[in-house]
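Structural overview
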Amino acid sequence: MQSITAVTFKEQISHLHLLDIRTPREWDDFNLGGVHIPLDQLLDRIEEVQQIPQPITVICYNGTQSYIACRLLSAKGISCQNLEGGLEGYLKI
């Protein structure tokens, strides 16, 4: 599984295929676009994830849940990368 730093993420954001796995409330409060599928629905909606161009950049608030999601997706053969530090890290730069 690969990771992307917040600095690289900021530089490349317009070229990345985002999957935001935060809760609906978190998504409504702030989002960067992309596809929104909460972590607890990820495996049930795997067909939707497979439609996202790969590699997929998975984001959450602090990077922990997106790390877990990337491990799940990688096990399903989906190429993805985790945003290190999550949106919290991104918003600090």
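What comes next concerns the included structure. (Residues numbered from 1 in each chain as written. Predicted model: local features only at pLDDT ≥ 70, side-chain atom pairs only at ≥ 80, totals over all residues. Heavy atoms only, no water.)

As for the sheet that holds strand β2 (residues 17–20)
Cut-off, in case you're wondering: Each pair of strands is called paired provided DSSP finds at least two bridges between the two strands. In this description a helix means any DSSP run of H or I spanning at least four residues, a strand means any run of E spanning at least two, and both kinds are numbered starting from the N terminus. Any two residues having at least one pair of non-hydrogen atoms within 4.5 Å are treated as being in contact. Fitted lines through C-alpha atoms serve as axes, helices being fitted only where they are in contact, and the angles separating the N-to-C directions of these axes extend from 0 to 180 degrees.
Taken together, five strands build an open sheet; the order of strands is β1-β5-β4-β2-β3 and the sheet is parallel. Taken across any chain shown, the strands that pair with only one partner, and hence form the sheet edges, are β1 (2–4) and β3 (35–36). Across the face of the sheet, helix α4 (residues 64–75) comes into contact with β2, β4 (56–59) and β5 (80–83) while running at roughly 175° to β5.

A short note on the nonpolar core
We apply this condition: What makes a nonpolar core is a set of buried Ala, Val, Leu, Ile, Met, Phe, Trp, Tyr and Cys residues whose side-chain atoms join them at distances within 4.5 Å. Buried residues are those whose accessible area, probed at 1.4 Å on protein chains only, stays under 20% of the maximum for their type, while exposed residues exceed 50% and partly exposed ones sit between those limits.
In terms of nonpolar packing, the biggest core is built from 15 residues, with L19, L42, V49, I56, V58 and L73 touching the most fellow members. Secondary-structure elements contributing two or more residues to this core are α3 (46–50), β4 and α4. Among the elements that line this core, the one with the most residues is α4, at three residues. Those residues in contact with V49, other than ones at most four positions away along the chain, are L19, I37, L42, I56, L73 and I78. In this structure, I4, L16, L83 and Y90 belong to the second largest nonpolar core, which totals eight residues.

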